[in-house]
Amino acid sequence: MKDDYLDYADGYGILKTEKVGTVEFYIGEKAGIDSSEYIFGTVDRQLEDLGVISYHIDKKSNDYSEIIEVFYNAIHGQSLQNKQEREKEPDGKLIHDDCLSIYDFETLKGKVVVLNADILQREYRSIAHQLYLADGGFGCHPKSSGNAIFAYNLYTGKEVRIEKYEVLGVIKDEKMPEWAKKNLIKIQQKKKSKEMER
């Protein structure tokens with residue numbers, strides 16, 4: 001067996017991975033006596049904090065060139081899809097000067113915080129992926145040692161966890177884009193409806 005594998009999964013050595021947007025692809029091999037079997041698929045890291053990484057197999061072949069072609073075609077297809085999605089997103093990037101310090105606030109809960117674009121994957125380094133409505137977590141207390149902030153992305157509306165050390169600050173009112181103001185109202189209304197149902 002080779003010792004240059006990135007990881008192992010079900011008897012296969014993972015040769016290469018590539019993340020494009022939110023999808024991570026991989027290729028691997030299972031060495032045999034006379035020949036090898038190669039696999040291609042996607043990686044699921046949702047439970048990585050618990051030590052679980054899942055490698056879903058989409059294709060098997062004894063032909064390495066076939067697997068590598070499938071791998072690069074999948075990367076190309078996902079790149080095109082990401083590009084189309086990015087073209088719909090608002091342009092621009094927020095910086096420190098667009099924010100107030102998180103230490104100016106007792107709590108960040110209910111505030112729109114700005115994520116540092118530099119920590120994002122390159123294709124997500126835009127204002128659409130920087131603005132979040134902080135909703136809870138120990139990281140909402142600026143002076144606490146906790147870092148977890150549970151928040152809503154203002155562009156997608158998705159609930160996510162971000163870390164306090166990834167936050168540039170609280171957005172200044174005059175720097176908040178119109179689309180973000182509208183989406184903020186929608187998210188707040190949705191949250192209020194959920195709370196009334198309880």
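Only a predicted model underlies this, so the values are computations on that prediction, with no experimental measurement involved.

Draft legend 1. Structural view of the overall build of the protein. For the protein, the count of helices and strands is two helices and 11 strands. Listing each helix as α and each strand as β along the protein from the N terminus yields β-β-β-β-β-α-β-β-β-β-β-β-α. For 198 residues, the compact-globule estimate of 2.2 N^0.38 gives 16 Å, and the protein exceeds it by more than 25% at 21 Å. C-alpha extents for the protein along the principal axes are approximately 65 × 40 × 35 Å. Counting the 198 residues in the protein, one finds 40% classified as buried. Sequence separation of at least 24 residues holds for 50% of the intrachain contacts in the protein that already meet a minimum separation of 6. Surface summary for the protein: the accessible area is close to 12300 Å², and the carbon and sulfur share equals 48%.

Draft legend 2. Summary view of the packing of aromatic side chains. Here the structure, examined in full by the defined rule, presents six aromatic pairs. Note on Tyr-26 and Tyr-55: the rings are 5.1 Å apart at their centroids and 80° apart in plane angle, and the pair reads as edge-to-face. Here the residue Tyr-26 occupies a position in strand 3 (residues 23-31), and Tyr-55 occupies one in strand 5 (residues 54-61), the gap between them amounting to 29 residues. For Tyr-26, a relative accessible area of 0% gives the class buried. With 5.0 Å between their ring centres and 75° between their planes, Phe-71 and Tyr-72 make a pair best called edge-to-face. The cationic tip of Lys-30 hangs over the ring face of Tyr-12; the distance from NZ or CZ to the ring centre is 5.3 Å.

Draft legend 3. Spotlight on the pattern of salt bridges. Taken as a whole and judged by the stated rule, the model has six salt bridges. As a salt-bridge pair, Lys-191 and Asp-135 come within 2.6 Å of each other at their nearest N and O atoms. Note that Lys-191 is positioned in helix 2 (residues 178-197) and Asp-135 in strand 8 (residues 131-136), a separation of 56 residues in sequence. For Lys-191, a relative accessible area of 16% gives the class buried. Between Lys-181 and Glu-178 there is a salt bridge whose closest N-O contact spans 3.3 Å.

Draft legend 4. Looking closely at helix 1 (residues 64-88). Under the 1.5 Å per step criterion, the end-to-end length of helix 1 is 37 Å for 25 residues, consistent within 8% with the ideal 36 Å. Turning to helix 1, its buried residues number three or more, namely Ile-67, Ile-68, Phe-71, Ala-74, Ile-75, Gln-78, Asn-82 and Arg-86.

Draft legend 5. Representation of the nonpolar core in the model. Grouped together as the largest cluster of nonpolar side chains are 15 residues, with contacts concentrated most on Val-112, Val-114, Leu-131, Leu-154, Ile-171 and Met-176. Among the elements of the structure, strand 7 (112-115), strand 8, strand 11 (167-171) and helix 2 are those that each provide at least two residues to this core. Discounting chain neighbours no more than four positions away, the residues touching Leu-154 are Val-112, Leu-131, Tyr-132, Leu-133, Met-176, Trp-179, Ala-180, Asn-183, Leu-184 and Ile-187. Counting 14 residues, the second largest nonpolar core, distinct from the first, contains Leu-120, Tyr-124, Cys-140 and Ile-149.

Draft legend 6. Just the environment of Leu-131, in detail. As for its position among the elements, Leu-131 is in strand 8. By relative accessible area, Leu-131 is classed as buried at 0%. Sequence spacing of Leu-131 and Asn-147 is 16 residues, and the spatial spacing of their C-alpha atoms is 17 Å. Those residues within four positions of Leu-131 in sequence are excluded, and the remaining contacts are Leu-94, Val-112, Val-113, Val-114, Tyr-152, Asn-153, Leu-154, Ile-171, Pro-177, Trp-179 and Ala-180.

Draft legend 7. Seen up close, the sheet that holds strand 10 (residues 159-163). Strand order in this open sheet of six strands is 6-11-7-8-9-10, and the pairing throughout is antiparallel. On the outer flanks of this sheet lie strand 6 (99-100) and strand 10, each paired with one strand and no other. The pairing of strand 7 with strand 11 spans three bridges and is antiparallel. From the neighbouring strand, Val-114 faces strand 11, where its bridge partner is Gly-169.

The rules behind each value
- Residues numbered from 1 in each chain as written.
- Predicted model: local features only at pLDDT ≥ 70, side-chain atom pairs only at ≥ 80, totals over all residues.
- Heavy atoms only, no water.
- Helix = DSSP H or I, 4+ residues; strand = E, 2+ residues; numbered from the N terminus.
- Rg over C-alpha atoms; globule rule 2.2 N^0.38 Å.
- Buried < 20%, exposed > 50% of the residue type's maximum accessible area, 1.4 Å probe, protein only.
- Contact = heavy atoms within 4.5 Å.
- Areas by Shrake-Rupley, 256 points an atom, 1.4 Å probe, with all protein chains shown as cover.
- Phe/Tyr/Trp six-rings, centres within 6.5 Å; stacked < 30°, edge-to-face > 60°.
- Lys NZ or Arg CZ within 6 Å of the ring centre and 35° of its normal.
- Salt bridge = Lys/Arg side-chain N within 4 Å of Asp/Glu carboxyl O.
- Expected span 1.5 Å × (residues − 1).
- Core = buried A, V, L, I, M, F, W, Y, C linked by side-chain atoms within 4.5 Å.
- Pairing = 2+ DSSP bridges.

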